[in-house]
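Now for the letters of each chain:
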Amino acid sequence: MKVFKFGGASVKDAAGVRNVAKVLSHFPDDDLLIVVSAMGKTTNALEEVVWAYVEGKETKEKVESLRKAHQVVLAEAAPDDVAAAAELVLYVDRLNAFLAARPSGNVDRDYDQIVAYGELWSTLIVSAHLRHAGIGNKWVDARRIVSTDDRFRAAKVQWDKLEDNCATHMPSFESSPMRIVTQGFIGSTEDGLTTTLGREGSDFSAAIFAYVLDCESVTIWKDVP
């Protein structure tokens, strides 16, 4: 298996998402685990949501803007995927429900619960487009694999748990090649709270998956010719 990582600039819009499928088309026989970052400047936008939330300011307009932006990309990249569209709405509803509650008092903890949605949204869209393009794949929640401590915004990986997590939560495939789409940057604590590995952590995520799955290589695809 090979690990391919696509950063935010590589999936910043529908054209970028379509290019992921184009890249994969050059590797028709390889088992691939595809690690994807949040789209474009989504993490920055979600950070603005975090600061508004902890300061008791309105967040609905900021979240709605993000929802619309992602919905547009999904509609262009996978126009007939009703299930993916419904899943996107569900994730936005979960974020809004979190924001409707009071801050926990731990800013870093709240940060991780909010900012992680960027990767969840982007991988949902990439997975949907790959199906639309005829590239079968399975979406995996990286938080089920990457166990960490509770040092929010700078979580440390619990390496001894990765192998068991993969055995439990990695999907099985009836035929080859395997295509797995998952998130960079995020993990979770034993209590199920979302954590992040630090800004620009998706490259680290790609290495984590390559380590635990004993992959032959990691390729970081950049938004350049």
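Colleague: Mind laying out unusual backbone geometry, listing which residues take part and the relevant values?
Modeller: Outside of glycine, negative phi angles account for most residues, and trans bonds account for most peptide bonds. In the Ramachandran plot, Glu200 falls in the positive-phi region, its phi being about 65 degrees despite a non-glycine side chain. Positionally, Glu200 belongs in the loop between strand E6 (194–196) and helix H8 (202–212). Although it is not a glycine, Asp214 adopts a positive phi angle of roughly 55 degrees. With respect to the element layout, Asp214 can be found in the loop between H8 and strand E7 (217–221). By relative accessible area, Asp214 is classed as exposed at 68%.

Colleague: Just give me the short version of the sheet that holds strand E4 (residues 179–183), but keep the residues and values in it.
Modeller: The strand order E3-E4-E2-E1-E7 describes an open sheet built from five strands, whose pairing is parallel. With partners counted over all chains shown, the strands left at the sheet margins are strand E3 (138–139) and E7, one partner each. Where E3 meets E4, two bridges bridge the pair, whose relative direction is parallel. Residue pairing for E4: Trp139 is matched across the bridge by Val181. Running at roughly 160 degrees to E4, helix H6 (residues 117–132) makes contact with strand E2 (32–36), E3 and E4 of the sheet.

Colleague: So what about a nonpolar patch on the surface? Which residues, and what values?
Modeller: A cluster of nonpolar side chains, Trp159, Phe204 and Tyr211, forms an exposed patch at the surface whose accessible area comes to about 340 Å². Tracing the sequence through the fold places Phe204 in helix H8. Judged by its relative accessible area of 35%, Phe204 falls in the partly exposed class.

The rules behind each value
Residues numbered from 1 in each chain as written. Predicted model: local features only at pLDDT ≥ 70, side-chain atom pairs only at ≥ 80, totals over all residues. Heavy atoms only, no water. Helix = DSSP H or I, 4+ residues; strand = E, 2+ residues; numbered from the N terminus. Buried < 20%, exposed > 50% of the residue type's maximum accessible area, 1.4 Å probe, protein only. Pairing = 2+ DSSP bridges. Contact = heavy atoms within 4.5 Å. Axes fitted to C-alpha atoms, helices over the stretch in contact; angles between N-to-C directions. Patch = residues over 30% accessible without salt bridge, like charges linked within 9 Å, V, L, I, M, F, W, Y side chains within 5 Å. Areas by Shrake-Rupley, 256 points an atom, 1.4 Å probe, with all protein chains shown as cover. Salt bridge = Lys/Arg side-chain N within 4 Å of Asp/Glu carboxyl O.

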